[in-house]
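Coordinate inspection notes
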Amino acid sequence: MIQPQTRLNVADNSGARELMCIRIIGTSNRRYAHIGDVIVAVIKEAIPNSPLEKSEVIRAVIVRTCKELKRNNGMKIRYDDNAAVVIDQEGNPKGTRIFGAIARELRQLNFTKIVSLAPEVL
Amino acid sequence: MRLEFCWFCSSKIYPGHGIQFVRNDAKIFRFCRSKCHKNFKMKRNPRKVKWTKAYRRLHGKDMTKERKRNRPERYDRNVMENTLKAIKKIDKIRHDRAADHIAQRWKPKAAKERREARKELEQSISLIKAPLAIQSQEPAITVPKIKVKAPKQQTVEDQLMEE
């Protein structure tokens, strides 16, 4: 349940550390974003000497949420933090490595590159 | 479909029940219901929480699980057939053994209760019948003689002295 002003960890090595959600891509006045949704975010914290800088506006896809993800087989999964992966306009990740577990839902949403880079898909 | 076990209470989790929590190091904790999930969030150790299977096995209240062999075996049709036939009997034996374990634990209770009842009868019979009545009527119940130090009797002289 990510909404504007939510802070998210960055799960890749693109250079950003922390993002703040500004807007959820999709229908207008959409309230919350879940795993697999694309958001517009501003970089609040970045690693020094990286291509991404603080207060840059970028797009990201949410990969982990503290709010449970419900699956069709009745399973509910909850992660430990809210995390996103920085992507470009096409949906390709900007970084080259992904950290932490990723939800299987991303494969159906055509984020195949992220899923293939992920160390653990749950 | 796979039946998992709750991380906290070790009960079976059927599909559609409970929550899975994935920690940042990708370790999965499965919980059967919110009671177990909330206890986990409180950082309680299941080995110290009395109603969990972990506690009961650790403290010898329940039979410990037999060692599970996870080595996969090559498919043999005869072995498979015999195993399927035997499952029912194996389950019954396991169930009986677990019940036996608990019955053994409760065994000394009956003898202890009898001992304590006998002791209470000897000591507190005076609550029901006066000691003299017992002595005269029912010689079968023997009340142990209790020695009581008699208070020093005031002689007539002492009484006059007080006055």
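Predicted model only: the values in this text are computed from it and were never measured.

**Regarding the overall build of chain A**
A count of helical and extended segments in chain A gives two helices and nine strands. Ordered by position from N to C terminus, the α and β elements of chain A give β-β-β-β-β-β-β-β-α-α-β. In terms of overall dimensions, chain A is globule-like: its C-alpha atoms have a radius of gyration of 13 Å, near the 14 Å expected for 122 residues. Dimensions along the principal axes, computed over C-alpha positions, put chain A at roughly 45 × 35 × 25 Å. When contacts within chain A are restricted to residue pairs at least 6 apart in sequence, long-range pairs at least 24 apart make up 47% of them. With the model as given, the accessible surface of chain A reaches about 6500 Å², and the carbon-plus-sulfur share is 44%.

**Regarding the overall build of chain B**
When helices and strands are counted, chain B shows five helices and four strands. Counting from the amino terminus, helix and strand elements in chain B follow one another as β-β-β-β-α-α-α-α-α. Evaluated residue by residue, chain B yields a buried proportion of 14% over its 163 residues. Counting contacts in chain B only where the partners sit at least 6 residues apart, residues at least 24 apart contribute 35% of the total.

**Remarks on the nonpolar core**
Residues and elements named next belong to chain A. In this structure, L19, I39 and I58 are the most contacted members of the largest nonpolar core, which totals 17 residues. Of all the secondary structure elements, the ones that give two or more residues to this core are β1 (7–10), β2 (16–24), β3 (38–46), β4 (57–64) and β7 (83–87). In contact with I39, not counting residues within four places along its chain, are L8, C21, R23, I24, I25, A33, I58, R59, A60 and I62. V61, I98, V115 and A118 belong to the second largest nonpolar core, which has 14 residues in total.

**Re the UniProt feature "domain: TRASH" (unreviewed entry) in chain B**
The sites that UniProt annotates as "domain: TRASH" (unreviewed entry) are residues 6–44 of chain B. For residues 6–44 of chain B, the helix share is 21%, the strand share is 26%, and the end-to-end C-alpha distance is 14 Å.

**As for the pairing of β1 of chain A**
All names here are of chain A. In this sheet, β2 lies alongside β1 in antiparallel orientation, the contact comprising three bridges. Bridge pairing links L8 to L19 in β2. Hairpin connection between β1 and β2: a loop of five residues separates the two successive antiparallel strands, and G15 in this loop has a positive phi of roughly 120 degrees. Sheet topology note: the β1/β7 ladder contains two bridges and is parallel.

**A closer look at the side chain of S50 of chain A**
Residues and elements named next belong to chain A. Within the fold, S50 resides in the loop between β3 and β4. Of the residues examined, S50 reaches a relative accessible area of 18% and is grouped as buried. One polar contact links the side chain of S50 to the main-chain carbonyl oxygen of L52, over a distance of 2.8 Å.

**Quick look at the sheet that holds β2 of chain A**
Whether parallel or antiparallel, the strands of a sheet pair through hydrogen bonds between backbone atoms. All names here are of chain A. The strand order around the closed barrel built from five strands is β1-β2-β3-β4-β7, with neighbouring strands paired in mixed fashion. Looking at each pair of strands side by side, their axes are set apart by 55 degrees on average, direction ignored. Sheet topology places β3 next to β4; five bridges connect them, and they run antiparallel. Looking across to β4, one finds that V40 is bridged to R59.

**Looking at the packing of aromatic side chains**
All names here are of chain B. Applying the stated rule across the entire model yields seven aromatic pairs over all chains. Residues F29 and F40 carry aromatic rings whose centres are separated by 4.9 Å and whose planes lie at 40 degrees to one another, so their mutual orientation is tilted. Of this pair, F29 sits in strand β4 (residues 28–31) while F40 sits in helix α1 (residues 34–41); the two residues are 11 residues apart in sequence, bridging distant segments of the chain. Relative to F40, the ring of F31 has its centre 4.9 Å away and its plane inclined at 45 degrees; by these criteria the two rings are tilted. Neither residue differs from the other here; F31 and F40 are each classed as buried. Chaining the aromatic ring pairs together yields one cluster made of W7, F21, F29, F31 and F40. Positioned above the aromatic ring of F29 is the side chain of K27, whose terminal nitrogen or guanidinium carbon lies 5.1 Å from the ring centre. We note K35 situated over the ring of W51; from NZ or CZ to the ring centre the distance is 4.0 Å.

Parameters at a glance
Residues numbered from 1 in each chain as written. Chains lettered and ligands numbered in written order. Predicted model: local features only at pLDDT ≥ 70, side-chain atom pairs only at ≥ 80, totals over all residues. Heavy atoms only, no water. Helix = DSSP H or I, 4+ residues; strand = E, 2+ residues; numbered from the N terminus. Rg over C-alpha atoms; globule rule 2.2 N^0.38 Å. Contact = heavy atoms within 4.5 Å. Areas by Shrake-Rupley, 256 points an atom, 1.4 Å probe, with all protein chains shown as cover. Buried < 20%, exposed > 50% of the residue type's maximum accessible area, 1.4 Å probe, protein only. Core = buried A, V, L, I, M, F, W, Y, C linked by side-chain atoms within 4.5 Å. UniProt positions renumbered as here; feature names shortened; annotations may be inferred. Pairing = 2+ DSSP bridges. Polar contact = N/O pair within 3.5 Å; in protein donor to acceptor, adjacent residues only side chain to side chain. Axes fitted to C-alpha atoms, helices over the stretch in contact; angles between N-to-C directions. Phe/Tyr/Trp six-rings, centres within 6.5 Å; stacked < 30°, edge-to-face > 60°. Lys NZ or Arg CZ within 6 Å of the ring centre and 35° of its normal.

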